[in-house]
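Below are the chains, spelled out letter by letter.
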Amino acid sequence: MKREVKSIIYIKLLLLVLVSSSVFLIAVFYSQPKNISLTSNVISDFDSNLLSYYPLDTNTNDLVGGNNGLNTGATQSSNGYYNGSYKFDGINDYIDISNLNFDKNQFTVSAWIKATNTSSSQGIVEFTRSTTGNGNNNRRGVWLGNSGKPNIVYGTGKIKRVSGSMDLRDGSWHHVIGLYDGSDTQIYVDGINRVLTAEEDADEGEEERQLRIGHRMTNISDDSFFNGSIDDVRVYGRGLNSS
């Protein structure tokens, strides 16, 4: 009889430990930033190369690097892909982050976007690497070209574009990732690695050590303002991959 009582006690203790462990893991999981997928694989949110993370749920704060954004005109909305987002009017709205220390050659940027039709290019997220000035502000990031295809700018002023027929200005949510690992350049759209065009030359960035959401890092007076909503923006300091 005593053995049966001891067995029951041991079983109850084991169940208590298992339940406590499960509750802890669930709490840890839901306290972390939302995962992003390249293909079927998930990039770890604990990656030490995550430089900045902008959920854009209720404000423009960076939850990782402390590089909080200054909002110029964009409207906070509760209708994001994840919770809230920011809506840009395509005329003069953008989010600006200055005095960055992102002197990175390799990078990955990602964002959820819902774009509407416009005849001009639309900046999604870009930052400048150089601190030397004199027009040597190397841009990194992604934007939509005037045909609605994603573009990536990288290296010492280089561009590649998604090839084939694609237009993301359809009013639906799409996940865009651009990455450069020092030699290879890739763009993922909705989890699919897209074929890119040949390399072209790009304009340099207007400002050094700066990041913009909703506008390219070219002259602020140009018309490459995003028209639609942007959510869950991330910037990594290396070229992530699906392995």
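Residues numbered from 1 in each chain as written. Predicted model: local features only at pLDDT ≥ 70, side-chain atom pairs only at ≥ 80, totals over all residues. Heavy atoms only, no water.

Colleague: Quick question: what am I supposed to make of the overall build of the chain here?
Modeller: Along the chain, the regular secondary structure elements total one helix and 16 strands. Relative to its 243 residues, the chain shows a buried fraction of 47%. Long-range contacts, defined as pairs at least 24 residues apart, comprise 65% of the intrachain contacts of the chain with a sequence gap of at least 6. A total accessible area of about 11,900 Å² is found for the chain, and carbon and sulfur atoms account for 50% of it. (Helix = DSSP H or I, 4+ residues; strand = E, 2+ residues; numbered from the N terminus. Buried < 20%, exposed > 50% of the residue type's maximum accessible area, 1.4 Å probe, protein only. Contact = heavy atoms within 4.5 Å. Areas by Shrake-Rupley, 256 points an atom, 1.4 Å probe, with all protein chains shown as cover.)

Colleague: Please clarify how the sheet that holds strand β10 (residues 158-161) should be interpreted in this entry.
Modeller: Backbone-to-backbone hydrogen bonds join strands into a sheet, with any given pair of strands oriented parallel or antiparallel. Strand order across the open sheet formed by eight strands is β2-β5-β15-β7-β8-β9-β10-β14, with antiparallel pairing between neighbours. At either end of the open sheet lies a strand with only one pairing partner, and these are β2 (70-72) and β14 (200-201). Examined bridge by bridge, β10 and β14 share two bridges and lie antiparallel to one another. Note that in β14 the partner of isoleucine 159 across the bridge is glutamate 200. (Pairing = 2+ DSSP bridges.)

Colleague: Where do I start with the pairing of strand β5 (residues 94-97) in this structure?
Modeller: It is a general feature of regular strands that their side chains alternate between the two faces of the sheet. In β5, alternate side chains face the same way, and those of Tyr94 and Asp96 on one face and Ile95 and Ile97 on the other are all buried. As defined by bridge partners, β2 adjoins β5 across three bridges and the pair is classed as antiparallel. Looking at the pairing, leucine 70 lines up with aspartate 96 of β5. Here β5 pairs with strand β15 (residues 211-213) via three bridges, running antiparallel. Note on β15: the bridge partner recorded for aspartate 96 is arginine 212.

Colleague: Please clarify how the side chain of serine 120 should be interpreted in this entry.
Modeller: Note on placement: serine 120 falls in the loop between β6 (107-115) and β7 (122-128). Residue serine 120 is classed as buried on the basis of its relative accessible area, which comes to 11%. From its side chain, serine 120 meets the backbone oxygen of aspartate 223 in a polar contact 3.1 Å long. Leave out the neighbours within four places in its chain, and serine 120 touches Gly145, Asn146 and Asp223. (Polar contact = N/O pair within 3.5 Å; in protein donor to acceptor, adjacent residues only side chain to side chain.)

Colleague: Quick question: what am I supposed to make of the packing of aromatic side chains here?
Modeller: Enumeration according to the criterion identifies nine aromatic pairs in this entry. Relative to tryptophan 112, the ring of tyrosine 81 lies with its centre 3.6 Å away and its plane at 10°, an arrangement referred to as stacked. You can see tyrosine 81 sitting in the loop between β3 (75-77) and β4 (85-89) and its partner tryptophan 112 sitting in strand β6, a full 31 residues away along the chain. We classify tyrosine 81 as partly exposed; its relative accessible area is 38%. For tryptophan 112, a relative accessible area of 11% corresponds to the buried category. (Phe/Tyr/Trp six-rings, centres within 6.5 Å; stacked < 30°, edge-to-face > 60°.)

Colleague: Explain unusual backbone geometry here, please?
Modeller: Peptide bonds are mostly trans, and most non-glycine residues show a negative phi. In this structure, asparagine 83 is a non-glycine residue whose phi angle is positive, near 55°. Structurally, the position occupied by asparagine 83 is in the loop between β3 and β4. For arginine 209, which is not glycine, the phi torsion reads 55° and is therefore positive. Within the secondary structure, arginine 209 sits in the loop between β14 and β15.

Colleague: How should the pattern of salt bridges be read in this particular structure?
Modeller: When the charged atoms of two side chains lie near each other, side chains of opposite charge can form a pair. Counting across every chain of the model gives six salt bridges. With its nearest N and O atoms 2.7 Å apart, the salt bridge here joins aspartate 201 to lysine 158. In this pair, aspartate 201 is assigned in strand β14 and lysine 158 in strand β10, connecting sequence segments 43 residues apart. Of the charged contacts in the structure, one is a salt bridge between arginine 169 and aspartate 167, with a shortest N-O distance of 2.9 Å. Classification of arginine 169 as buried rests on a relative accessible area of 14%. On the basis of relative accessibility, which here comes to 36%, the residue aspartate 167 falls in the partly exposed class. (Salt bridge = Lys/Arg side-chain N within 4 Å of Asp/Glu carboxyl O.)

Colleague: Could you clarify how one ought to interpret the nonpolar core in this entry?
Modeller: The tendency in soluble globular proteins is for nonpolar side chains to be buried side by side. Among the nonpolar cores identified, the biggest contains 36 residues, and Ile113, Leu211, Ile213 and Ile230 are the most heavily contacted of them. Top element by residues in this core is β6. It accounts for five residues. Among residues more than four places away in sequence, those in contact with isoleucine 230 are Leu56, Ser85, Tyr86, Phe88, Ala111, Trp112, Ile113, Gly123, Ile124, Trp173, Ile213 and Gly214. (Core = buried A, V, L, I, M, F, W, Y, C linked by side-chain atoms within 4.5 Å.)

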